[in-house]
Amino acid sequence: MLPDQASVAIIGGGPCGLMLANELGRRGISAVLVDDKPSTAFNPQANATQARTMEHYRRLGFADEIRNLGLPNDFPTDIAYFTRFARHELARFSLPSAAEAKQRIHSLSGSWSAAELPHRVSQKYVEQVLRKHAQQLPGISIHYGWRMTAFADAGDKVVVDVEEIETGRKHRIEAAYMVGADGPRSMTREQLGFRYTGETGIKRDFMGGRMYAVYARAPAFYDVVPHARAWMNVCVNPERRAFMATVDGKGEFAFHTQLKEGEDENMLTADDARRMFQAGVGADIPVEVLSHGTWTAGHSLVSNGFQKGRVFLGGDAAHLFTPTGGLGYNTAVEDAVNLGWKLAAVIKGQAGPALLDSYQAERQPLAIRNTGYARGFADSLGLFKPAPEIEENSPAGEAARREAGEHMAAHGRAEFNIPGITFGGRYDGSPAIVSDGSMPPPDKANEYTATACPGGRPPHMWLDDVRSLYDAFGFEWTLLCMGADNEGQPFASAARDKGVELAVVHVPQARELYQADFALIRPDQIVAWRGDSCRDAAQIFETLLGARMRASSLTTQKTTA
């Protein structure tokens, strides 16, 4: 039963909307989510959950559940490049299986010191987990098969009209805020008067133009392919360029190829989709086409606004990627993480409405950054043109394969070893950050240097064989006390006055890593402030949260890590 009222109305039940429902529900904020699809995704869609996203799933308590989905635990997550999948292998970038990732994570340092490693799993599986956990939370109401037909910001609330797809039944919802996570054709964005800015219509030999997606079941693939198994398979030849993600490790695949001149997308059938798949394999194996359809590569777009009044944009409604680097879905999840705690703080009266202005200030530059990185990867992959003789069994063919292999090996390292992109996103200059005047390391895609410079991800360390520093953080605010005798009492008092939950964690072993006696960590696990004295705690919280509207109860936890 759809409620008549909620604190937040969420339009769109993809990763952004579902993650937002989890963030709000965990904080006791009521939300109603509607989506015009019958249910969560059927098609695989995104296929890479980056390490930072996995850290957020760990924070919510279901990272292991997601890591056990998709490929078998021992399935390699390599990225491999071929002329065709059953013919010549050109290059391979090896990555650990899910089981190996869980073993290795505790011994990694430097750029990959993290609570979680990436996981290769199709979005269709992730959405099911996000929905399951959101639906279990009090005050969260999720309704697929409903579409928004209109909304109006009335100044003190948002009025949302929705309609059930199957019956045409209409319903009105009143909410304090609305979030449009309603995809690239967002009605929310259009009605707010915002538009995408950036680059679109980019043409490339591959990954630039009309693409054809085939969700297929072909267990015989592993009978005809003589190479080691891989999660991502890319074929490089002049006739049929394609990339293909392994969905379940048993015979389901998400195959994507670029349409060629003369291939009319409106005339293509399941038989055509089957032939495209077989052309990529290089063998006429049996193929069951589960779904097929077109999409467009060549977008690097970001909305020119993320908020107007009580209405916000997130996910593909706010930014649209070409899916190289796997950055679109992960950026959408972090939109929800960023916005969720802020909406909750304002709705509870712990922060003034001005806190919500930091959402666009923080997330729009990150979207521009991430779409730029994805565009660079698409250029590297798609602008490379294989020589006509690359499939020949001749000296010229061998030379062409060697050239393509060298390029693809370098490309694979560049696109799939990206700790700098994953962990290095920052909110410098945000009103919800208190700068200490330090400068962060340069932003590099393939290199990450941990820093506690306010505005970025907290430096990570393992407290013992199984416990991450992040596991010691509270769900809301955390004060790390790293000096010998410092209790952080001024922050506890300031938090009590603000009505926010603060976990005080004594972790002296992190002093060298954080280069300060204290560090204040936001609910989205971003360093908000660091310093050697707590005397300005009240002013710091005032800066971070803005004027308090009303106070709520405080729970202060004191622990020793």
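In case you missed it, the structure is sitting above this.
First things first, this report covers the structure right here in the doc. (Residues numbered from 1 in each chain as written. Predicted model: local features only at pLDDT ≥ 70, side-chain atom pairs only at ≥ 80, totals over all residues. Heavy atoms only, no water.)

1. Examining the sheet that holds strand β13 (residues 252–258)
On the basis of which strands lie adjacent, the open sheet formed by 7 strands has the order β4-β3-β11-β12-β13-β10-β14 and mixed pairing. The open sheet is flanked by β4 (89–93) and β14 (288–297), the only strands paired with a single partner. Each strand of the sheet is rotated relative to its neighbour by a mean of 15°, with strand direction disregarded. Here strand β10 (residues 209–217) pairs with β13 via 7 bridges, running antiparallel. Paired with Tyr212 across the bridge in β13 is Thr257. (Pairing = 2+ DSSP bridges. Helix = DSSP H or I, 4+ residues; strand = E, 2+ residues; numbered from the N terminus. Axes fitted to C-alpha atoms, helices over the stretch in contact; angles between N-to-C directions.)

2. With respect to helix α9 (residues 327–347)
An α-helical segment advances 3.6 residues per turn. Residues three or four places apart therefore align on the same side. Here α9 spans 30 Å end to end across 21 residues, near enough to the 30 Å set by a 1.5 Å rise per residue. The element α9 is largely enclosed, with a buried count of 20 among its 21 residues. (Expected span 1.5 Å × (residues − 1). Buried < 20%, exposed > 50% of the residue type's maximum accessible area, 1.4 Å probe, protein only.)

3. Focus on the packing of aromatic side chains
One pass over the structure, following the stated rule, counts 21 aromatic pairs. When the ring of Trp112 is compared with that of Phe423, the centres are 5.6 Å apart and the planes differ by 75°; the resulting orientation is edge-to-face. Here Trp112 is found in the loop between α4 (98–104) and α5 (123–135), whereas its partner Phe423 is found in helix α12 (residues 419–423), with 311 residues between them in sequence. Trp112 gets classed as buried once you look at its relative accessible area, which sits at 18%. Ring geometry for Tyr222 versus Phe253: centroids 5.8 Å apart, planes at 45°, classification tilted. Within this pair, whereas Tyr222 is found in helix α7 (residues 221–224), its partner Phe253 is found in strand β13, the two being separated by 31 residues in sequence. For the pair Tyr222 and Phe253, one class covers both residues: buried. The rings of Phe82, Phe85, Phe221, Tyr222, Phe253, Phe255 and Phe277 are connected pair by pair, giving a single aromatic cluster. In this structure, Arg120 is placed above the aromatic ring of Trp231, and the distance from its NZ or CZ to the ring centre is 4.6 Å. Over the ring of Tyr222 we find Arg229, and its NZ or CZ is 3.8 Å from the ring centre. (Phe/Tyr/Trp six-rings, centres within 6.5 Å; stacked < 30°, edge-to-face > 60°. Lys NZ or Arg CZ within 6 Å of the ring centre and 35° of its normal.)

4. Some details on the nonpolar core
In this structure, Tyr57, Val160, Phe277, Trp477, Phe491 and Leu520 are the most contacted members of the largest nonpolar core, which totals 149 residues. At 11 residues, the largest contribution of residues to this core is made by α9. Aside from chain neighbours lying at most four places away, what touches Phe277 is Ala216, Ala218, Met244, Phe253, Phe255, Ile285 and Val287. Within the second largest apolar cluster, 17 residues are counted, among which are Tyr470, Val505, Val507 and Ile521. (Core = buried A, V, L, I, M, F, W, Y, C linked by side-chain atoms within 4.5 Å. Contact = heavy atoms within 4.5 Å.)

5. Re helix α11 (residues 395–416)
Between its first and last C-alpha atoms α11 spans 31 Å; for 22 residues at 1.5 Å apiece the expected length is 32 Å, and the two agree. Every buried residue belonging to α11 is among Gly397, Ala400, Arg401, Ala404, Gly405, Met408, His411, Gly412, Glu415 and Phe416, and all of these are buried. Burial along α11 is one-sided: seen end-on, the buried residues are contained in an arc of 145°. Of the exposed residues in α11, the ones pointing more than 90 degrees away from its buried face are Pro395, Arg402 and Glu406. Buried residues in α11 make contact with β3 (79–82), β4 and α10 (357–382). (Arc of directions from axis to C-beta.)

6. What about the sheet that holds strand β9 (residues 196–199)?
Sheet architecture is open: 3 strands sit in the order β9-β15-β18, paired in antiparallel fashion. With partners counted over all chains shown, the strands left at the sheet margins are β9 and β18 (319–321), one partner each. Averaged over all neighbouring strand pairs, the angle between strand axes comes to 15°, with direction disregarded. Strands in contact with α10 are β9, β15 (300–303) and β18; relative to β15, the strand with the most contacts, it is inclined by about 170°.

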